[in-house]
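One-letter residues, chain by chain:
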Amino acid sequence: MNIAILFGTETGNAEMLAEDIATELEAEHETRVANLADTSPEDLAGADLNVIVCSSYDDGDLPASAKPFVQKLRAEGTELAGVPFAI
């Protein structure tokens, strides 16, 4: 299975967790780890499963690295029906 592990982080903790998840899965699956800041909504269709690891801060605000992805998602109105994901 092709698994994309995408992270949004403010301090790096979500990135470390994403890398730990990839390490656990890589023996049996093809994995890739990417920052949500470097990911387009269209990229979600390229994986059999998208695992999103995202921190929050303050009162549940998005971390800085997740904001560009969310802005693109909202602006483009990308249809996510049928996109397999876990958060």
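Residues numbered from 1 in each chain as written. Predicted model: local features only at pLDDT ≥ 70, side-chain atom pairs only at ≥ 80, totals over all residues. Heavy atoms only, no water.

**Re the pairing of strand β2 (residues 30-35)**
As judged from the six bridges shared by strand β1 (residues 2-8) and β2, these two strands associate in the parallel manner. Across the sheet, residue leucine 6 finds its bridge partner in β2, namely alanine 34. Considered for its hand, the β-α-β crossover made up of β1, helix α1 (residues 13-25) and β2 is right-handed. (Pairing = 2+ DSSP bridges. Helix = DSSP H or I, 4+ residues; strand = E, 2+ residues; numbered from the N terminus. Right-handed = clockwise from strand over helix to strand, strands pointing away.)

**Quick notes on the environment of proline 63**
Mapped onto the elements, proline 63 comes out in the loop between β3 (49-54) and α2 (67-76). Using a relative accessible area of 0% as the deciding quantity, one classes proline 63 as buried. Taking the C-alpha atoms as reference, proline 63 lies 19 Å from asparagine 50; in sequence the two are 13 residues apart. When sequence neighbours within four positions are dropped, the list of residues in contact with proline 63 reads Gly8, Thr9, Glu10, Cys54, Ser55 and Tyr57. (Buried < 20%, exposed > 50% of the residue type's maximum accessible area, 1.4 Å probe, protein only. Contact = heavy atoms within 4.5 Å.)

**Re a negative patch on the surface**
On the surface, Glu15, Glu19, Asp20, Glu24 and Glu26 cluster together into a patch of negative charge. You can see glutamate 26 is positioned in the loop between α1 and β2. (Patch = residues over 30% accessible without salt bridge, like charges linked within 9 Å, V, L, I, M, F, W, Y side chains within 5 Å. Areas by Shrake-Rupley, 256 points an atom, 1.4 Å probe, with all protein chains shown as cover. Salt bridge = Lys/Arg side-chain N within 4 Å of Asp/Glu carboxyl O. Lys, Arg positive; Asp, Glu negative; His and termini not counted. Charge placed at Lys NZ, Arg CZ, Asp CG, Glu CD.)

**Thoughts on the side chain of asparagine 50**
Of note, asparagine 50 is situated in strand β3. Excluding residues that lie within four positions of it along the chain, asparagine 50 makes contacts with Ala4, Leu6, Leu44, Val83, Pro84, Phe85 and Ala86.

**Things to note about the nonpolar core**
The biggest cluster of nonpolar side chains holds 11 residues, and these are Ala4, Leu6, Ala34, Leu36, Leu44, Ala47, Ile52, Ala66, Phe69, Val70 and Val83. Put simply, the parts of the chain that give this core at least two residues each are β1 and α2. Here isoleucine 52 is in contact with Leu6, Leu36, Ala86 and Ile87, once residues within four sequence places are set aside. Counting residues in each nonpolar core, the second largest holds eight residues, with Ile5, Ala14, Ala18 and Val53 among its members. (Core = buried A, V, L, I, M, F, W, Y, C linked by side-chain atoms within 4.5 Å.)

**Here's the deal with the confidence of the model for the protein**
Confidence in the prediction of the protein, expressed as mean pLDDT, is 94, and 100% of residues score 70 or more. Of all the helices and strands in the protein, α2 carries the lowest mean pLDDT, 92, while β2 carries the highest, 98. (pLDDT = per-residue confidence, 0-100.)

**Notes on the sheet that holds β3**
Spatial strand order, β2-β1-β3-β4: four strands in an open sheet with parallel pairing. The sheet is open, and its two edges are formed by β2 and β4 (85-86), each paired on a single side.

**Some points on α1**
Count 3.6 residues to each turn of an α-helix, and residues three or four apart come out pointing the same way. Across its 13 residues, α1 extends 19 Å between first and last C-alpha, which sits within 8% of the 18 Å expected from 1.5 Å per residue. Three or more residues of α1 are buried, namely Ala14, Ala18 and Ala22. The buried residues of α1 occupy an angular sector of 80° when the element is viewed end-on, so they sit on one face. In α1, the exposed positions that point more than 90 degrees away from the buried face belong to Asn13 and Glu24. (Expected span 1.5 Å × (residues − 1). Arc of directions from axis to C-beta.)

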